[in-house]
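# An overview of the molecular structure
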Amino acid sequence: MKPKASAGGPSFWTSFRRVFAFFFFLGGRTGRSRVFFLLGLIPVAIAVMVRIVLAGRTGDVVAVFNEILMVFFVTFDIVILSLFYGTSIVAEETEGRTLPYLITRPLSKTAIFLGKYAAYVTLMFIMVSTSLFLSFFIMNGHRFRDPALYLTFLRYAGALGLGILAYTAFFAFLGTFLKRAILVGLMFGFGWENIIQYFPGSTQKFSLVHYMKSLMPRRPSGGPLSMLLFRLEPTEPAVAVLTLVVIAAAFLALACWLFRTKEYLFEE
Amino acid sequence: MTAVIETKNLSKWYGNVLGLSDVSLEIESGITGLLGPNGAGKSTFMKLVTGQMKPNIGRVSVGGRDVWNNFHLFRRVGFCPEQDAFYEDVTGWEFLTGLLGLYGFPPQEITERAVRALDIVELSKDKDRKIRSYSRGMRQRVKFAQAVAHDPEIIILDEPLSGLDPLGKRRLIRLIRDFQSAGKTIIVSSHVLPEIEAMTSRVIMIHQGKILAQGDIHSIRDLIETYPHMISIRCSDARALAARFVPDKSILKMSFGPEGRSLVVETHQRDAFFSRLQTAVVEGGIEVEEISSPDDNLQAVFDYLVGK
């Protein structure tokens, strides 16, 4: 039997789905994914410990989640995940010299790039949302019957999801043309992003993390640990969502164009 | 016969380095051997034919259609890369079925094709082992399997025999010939002359990015017969042996190797020389330790062709 295809070959979406399925499977099998999944369990372990130590002090428990665990997710977990998965979309194929297996198949390069991007973003979102779900509901176990709790969780998950989309698109773009994209990415993710977000005024809007923070369900906070809300001059949620989506789309478009036109030579 | 693959004035360079220069070829169905030393341009040629690179000048077409940015053509092409590179965390089975999935075959057919391909390369028993645990020979074979599993019309094999033991080489050569019998167009590259000779007599010789010769290998060898053959004989008494050949008019030149332990002879009549050598050795009671032909290798052939 011949593969299902139109006369001109498979459509973009068909190719995209095939690549997505291939890399979703491959991505889940790597040692890197296991390590990052374990890393995501850190907030869960902290949540369990906090619940034990602060048993009965519900207000403190919620504050710990907002001011410590979310800092872990927003400024560390999704940055490191997006950095390693994003830059690897092209780099692992060129450094591992497996690119010919993909680009000699009847698939457009755009479908290859976007299919792999979508597979890795999905994997990351599963890792982050699992960790977020467990830590959030362990910390807020006393409010299970409050419907607002679930909306708050969805808002956190949505903000982190959008952050993953935007960060991964940016790092994927770096990976298409830089040989040492991970170094540049580290400087961006843990240098620029960490510093600029605490600048007052509009300067902080030059960081991706600002838009993620603007989407967080806010609560009054002034404690010494309120790192996420410190000096935050939030952007309107709708604008923040739009900005993250546009940034993701722009860097993906650039990365696709580069991947389509660039020739990758393997170092012997 | 109609050309399946055609290149016209194909040229490619990497910065200032020439990869391929003005290559115009027509490749028909059957096996075509691409011969050349390392760095000659064989892999560049194959990457251009499989659309991995864009030519700087000229064009390459498969079935009359340009290859570059025409990924629909790749359904008809199977490519086995030179480099020993894999997705190491998966099993041989997962590797093959995953790549077959990229063609959009239904699940049942993916299974059937993967079973068939693994059977062909005799890896069925090891299909559930991770690729990282495979030996070099097994890795070569699974790489070959992924190139043929989708039953392409055109199979392009970049140094497929490298790293294989003699038995593995024989098996793979037999397999490649079976694909030829099935009417496929196969391009196979190697820098080892006997490997290509075992598969086909139709060769393209490439050197420094240029085509030196193409056609039937025997015709090319006949061409080389115009150059004298060099024969080295390491023996117990090289000077005594040389004395016996002095009157022989077919000998063009004689010299002694290091420490006088070997005699190096240049002749146009190699077969006649060997028969005389037998007589001389027996009559002179000379003990021969080794006979070799320093110029009977691909490098020497290339040296002749480039006029070194």
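Residues numbered from 1 in each chain as written. Chains lettered and ligands numbered in written order. Predicted model: local features only at pLDDT ≥ 70, side-chain atom pairs only at ≥ 80, totals over all residues.

## Quick notes on the overall build of chain B
Helix and strand counts for chain B come out as 10 helices and 14 strands. A principal-axis box enclosing the C-alpha atoms of chain B has dimensions of 75 × 45 × 35 Å. Residues counted as buried form 39% of the 308 residues belonging to chain B. Taking contacts inside chain B between residues at least 6 apart in sequence as the whole, the part at least 24 apart equals 67%. (Helix = DSSP H or I, 4+ residues; strand = E, 2+ residues; numbered from the N terminus. Buried ≥ 20, exposed ≤ 12 C-beta atoms within 10 Å, placed from the backbone. Contact = placed C-beta atoms within 7 Å.)

## Details of the overall build of chain A
A tally of regular secondary structure across chain A gives 10 helices and zero strands. Contacts spanning at least 24 positions in sequence make up 83% of the contacts within chain A whose residues lie at least 6 apart.

## Considering the interface of chain B and chain A
Taken together, the contact pairs 27 residues of chain B with 31 residues of chain A. Secondary-structure elements contributing two or more residues to the side of chain B that touches chain A are strand E6 (77-80) and helix H2 (92-101) of chain B. A total of three residues in the side of chain B that touches chain A trace back to one element, the largest contributor, which is H2(B). Counted by class, the side of chain B that touches chain A contains 16 nonpolar, seven polar and four charged residues. (Nonpolar A, V, L, I, M, F, W, Y, C, P; charged D, E, K, R; others polar.)

## Brief notes about the sheet that holds strand E13 (residues 262-267) of chain B
All names here are of chain B. Here four strands make up an open sheet; going across it, the order is E12-E13-E11-E14 and the pairing antiparallel. Of all strands in the sheet, those with a lone pairing partner are strand E12 (251-256) and strand E14 (288-292), marking the two edges. Taken pair by pair, the neighbouring strands of this sheet meet at an average axis angle of 20°, ignoring direction. Where strand E11 (residues 229-235) lies against E13, six bridges are found, and the strand directions are antiparallel. When the bridges of E13 are listed, histidine 229 appears paired with threonine 267. (Pairing = 2+ DSSP bridges. Axes fitted to C-alpha atoms, helices over the stretch in contact; angles between N-to-C directions.)

## Some details on the nonpolar core
If you look at the biggest cluster of nonpolar residues, it comprises 140 residues, and the most contacted ones within it are Leu96(B) and Ala145(B). Take this core: its biggest share by element is 16 residues, from helix H6 (residues 109-139) of chain A. In this structure Ala145(B) touches Leu96(B), Ala117(B), Leu118(B), Ile120(B), Val121(B) and Leu123(B), once residues within four positions along its chain are discounted. Grouped together as the second largest cluster of nonpolar side chains are 10 residues, Ile231(B), Cys235(B), Leu241(B) and Phe273(B) included. (Core = buried A, V, L, I, M, F, W, Y, C linked by C-beta atoms within 7 Å.)

## Some points on the confidence of the model for chain B
Averaged over all residues, the pLDDT of chain B is 88; the fraction at 70 or higher stands at 93%. The complex model carries a pTM of 0.83, and its ipTM stands at 0.84. (pLDDT = per-residue confidence, 0-100.)

## Overview of the packing of helix H7 (residues 147-177) of chain A against helix H10 (residues 237-261) of chain A
Between two packed helices, both the angle of their axes relative to each other and the distance between the axes serve to describe the pair. Residue and element names in this part refer to chain A. With their axes 8 Å apart at the nearest point, H7 and H10 run at an angle of 25° to one another. The angle between H7 and H10 places the two elements in the roughly parallel class. Seen from above, H7 lies across H10 with left-handed handedness. Side by side, H7 and H10 meet where Leu162, Leu165, Ala166, Ala169, Phe170, Ala172, Phe173, Thr176 and Phe177 of the first sit next to Val241, Leu244, Ile247, Ala248, Phe251, Leu252, Leu254, Ala255, Leu258 and Phe259 of the second. Considering only residue class, the contact of H7 with H10 consists of 18 nonpolar, one polar and no charged. (Parallel < 35°, antiparallel > 145°, perpendicular 65-115°, else oblique. Left-handed = near helix turned anticlockwise from the far one by under 90°.)

## Structural notes on the confidence of the model for chain A
The predicted structure's coordinates, where accompanied by low pLDDT, should not be read in detail. All names here are of chain A. Overall, the prediction assigns chain A a mean pLDDT of 87, with 89% of residues at 70 or greater. When mean pLDDT is compared element by element in chain A, H10 scores highest at 96, while helix H4 (residues 58-95) scores lowest at 86. Residue range residues 1-7 is modelled with pLDDT below 50. Its contacts to residues more than four positions away, or to other chains, number nine contacts.

## As for the sheet that holds strand E8 (residues 185-190) of chain B
All names here are of chain B. What the six strands build is an open sheet, ordered E6-E7-E8-E3-E9-E10; its pairing is mixed. Looking at the sheet topology across the chains shown, the edges are occupied by E6 and strand E10 (210-216). Taken over all neighbouring pairs, the strand axes of this sheet differ in orientation by 15° on average, direction set aside. Pairing analysis gives six bridges linking strand E3 (residues 30-35) to E8, with the strands arranged parallel. Each bridged residue has a counterpart across the sheet, and for glycine 33 the counterpart in E8 is valine 188. Each of E3, strand E7 (154-158), E8 and strand E9 (202-207) touches helix H1 (residues 42-49); the most contacted strand, E7, lies at about 150° to it.

## What to know about the packing of H6(A) against H10(A)
Residues and elements named next belong to chain A. The geometry of H6 relative to H10 is characterised by a closest axis approach of 9 Å and an angle of 135° between their N-to-C directions. Comparing their axes, H10 and H6 come out oblique. Here H6 runs over H10; the crossing is right-handed. Of the residues in H10, those in contact with Lys109, Thr110, Phe113, Leu114 and Tyr117 of H6 are Leu252, Ala255, Cys256, Phe259 and Arg260. The residue inventory of the contact of H6 with H10, partitioned by class, reads seven nonpolar, one polar and two charged.

## Let's talk about helix H4 (residues 136-148) of chain B
Taking 1.5 Å as the rise per residue, H4(B) with 13 residues should run 18 Å; its terminal C-alpha atoms sit 19 Å apart, in good agreement. Those residues of H4(B) that are buried lie in contact with E6, H2, helix H3 (107-120), E7 and helix H5 (166-181) of chain B. (Expected span 1.5 Å × (residues − 1).)

## A short note on the pairing of E12(B)
All names here are of chain B. Where E12 and E13 come together, five bridges link them in antiparallel fashion. Its bridge partner lying in E13, serine 255 is registered against valine 264. If you look at the hairpin formed by E12 and E13, you'll find five residues sitting between the two strands, and glutamate 259 has a positive phi there, around 60°.

## Looking at the environment of Thr279(B)
Its place among the elements puts Thr279(B) in helix H9 (residues 270-284). Sequence separation of Thr279(B) and Thr32(B) is 247 residues, and the distance between their C-alpha atoms is 41 Å.

## Details of unusual backbone geometry
Phi is positive for Arg97(A), close to 60°, though the residue is something other than glycine. Position of Arg97(A) among the secondary structure elements: in the loop between H4 and helix H5 (99-103). Positive phi, normally seen in glycine, also occurs at Asp22(B), with a value near 50°. Here Asp22(B) lies in strand E2 (residues 17-27).

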